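# Overview (structure and organization)
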Amino acid sequence: MALTEITDRIAQACAEAGRAPDSVTLVAISKVQPLERVEAVLGQGHRVYGENKVQEAAGKWPDFKARYDGVKLHLVGPLQSNKTRQAMELFDVIHSVDRPKLANTIARIAQEIGHCPELFVQVNTGEEDQKAGVLPGDADAFVAECRDLDLPVRGLMCIPPVDETPSVHFALLAKIAERNGLAGLSMGMSADFEEAIAFGATHVRVGSAIFGERDYG
Ligand SMILES: *Cc1c(COP(=O)(O)O)cnc(C)c1O
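Read on for an overview of the structure.

Cut-off values and rules
- Residues numbered from 1 in each chain as written.
- Predicted model: local features only at pLDDT ≥ 70, side-chain atom pairs only at ≥ 80, totals over all residues.
- Heavy atoms only, no water.
- Near = heavy atom within 4 Å.
- Polar contact = N/O pair within 3.5 Å; in protein donor to acceptor, adjacent residues only side chain to side chain.
- Areas by Shrake-Rupley, 256 points an atom, 1.4 Å probe, with all protein chains shown as cover.
- Nonpolar A, V, L, I, M, F, W, Y, C, P; charged D, E, K, R; others polar.
- Buried < 20%, exposed > 50% of the residue type's maximum accessible area, 1.4 Å probe, protein only.
- Helix = DSSP H or I, 4+ residues; strand = E, 2+ residues; numbered from the N terminus.
- Pairing = 2+ DSSP bridges.
- Right-handed = clockwise from strand over helix to strand, strands pointing away.

## Quick word on the site of the ligand
- The full set of residues close to the ligand is Ile 29, Lys 31, Val 76, Ile 159, Met 189, Ser 190, Arg 205, Val 206, Gly 207, Ser 208 and Arg 214.
- Within the side chain of Lys 31, one N or O atom sits 2.7 Å away from an oxygen atom of the ligand.
- At a separation of 2.5 Å, an oxygen atom of the ligand approaches a polar side-chain atom of Ser 190.
- Out of a free accessible area of 390 Å², the ligand has 89% covered by protein chains.
- Residues belonging to the shell around the ligand are distributed by class as follows: five nonpolar, three polar and three charged.

## Overview of the pairing of strand S2 (residues 48-51)
- In S2, alternate side chains face the same way, and those of Val 48 and Gly 50 on one face and Tyr 49 and Glu 51 on the other are all buried.
- For strand S1 (residues 25-29) and S2, the ladder comprises two bridges, and the chain directions are parallel. Across the sheet, the residue bridging to Ile 29 is Gly 50, located in S2.
- Since S1 and S2 lie parallel, the crossover through helix H2 (residues 35-43) that links them has a hand, and here it is right-handed.
- Pairing of S2 with strand S3 (residues 72-75), which is carried by four bridges, proceeds in the parallel orientation. Bridge assignment links Tyr 49 to a residue of S3, and that residue is Leu 73.

What follows is the structure, given as structure tokens:
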């Protein structure tokens, strides 16, 4: 199975960067994958998974969580305000906080339910129209706004443009995180997680390299 190959490569990338191997969390992105592939990785002991859609995650993870202890679930896709409560009940970490309205909704629901997932602010480092995330120039103000709401912001997340060198975006995200005193950096996917680790990633989001290609057919 590919899980051990990926964890080996993460350890190697950490060694090359002079970082401790446990300084990087592997979030195995299980979206669209057949349940038996996910179950195989659960069976190998991996416990940290990510999904990009609340509805899809709600269909499979309550059952897996009931059968496997210690599962941590991360939401890495865009969050609609009307799904916030469901997301906060299902996910341990949300990587896609990207607008004041959503931050306010999370803060209000956290008061009601008495807990809040750990949060990452998504930054649209490539300033792409079709992509979610706050613009780099708005990130400092938005992080401050989240902190004013007492939200547990742990770090920043980005998805670099497909046609650009990712390292530029990783470096930018790391810079914004540092000046805001944020330790978490969610960056790096199947094609570039080692590079992301060299730039300080604390959470790499790896899907197809672990589970195989996704079949959207
Ligand atoms: C699907 C997805 C990933 C994983 O992509 P792979 O290329 O399969 O590793 C990572 N991050 C986000 C936000 C995703 O939607």
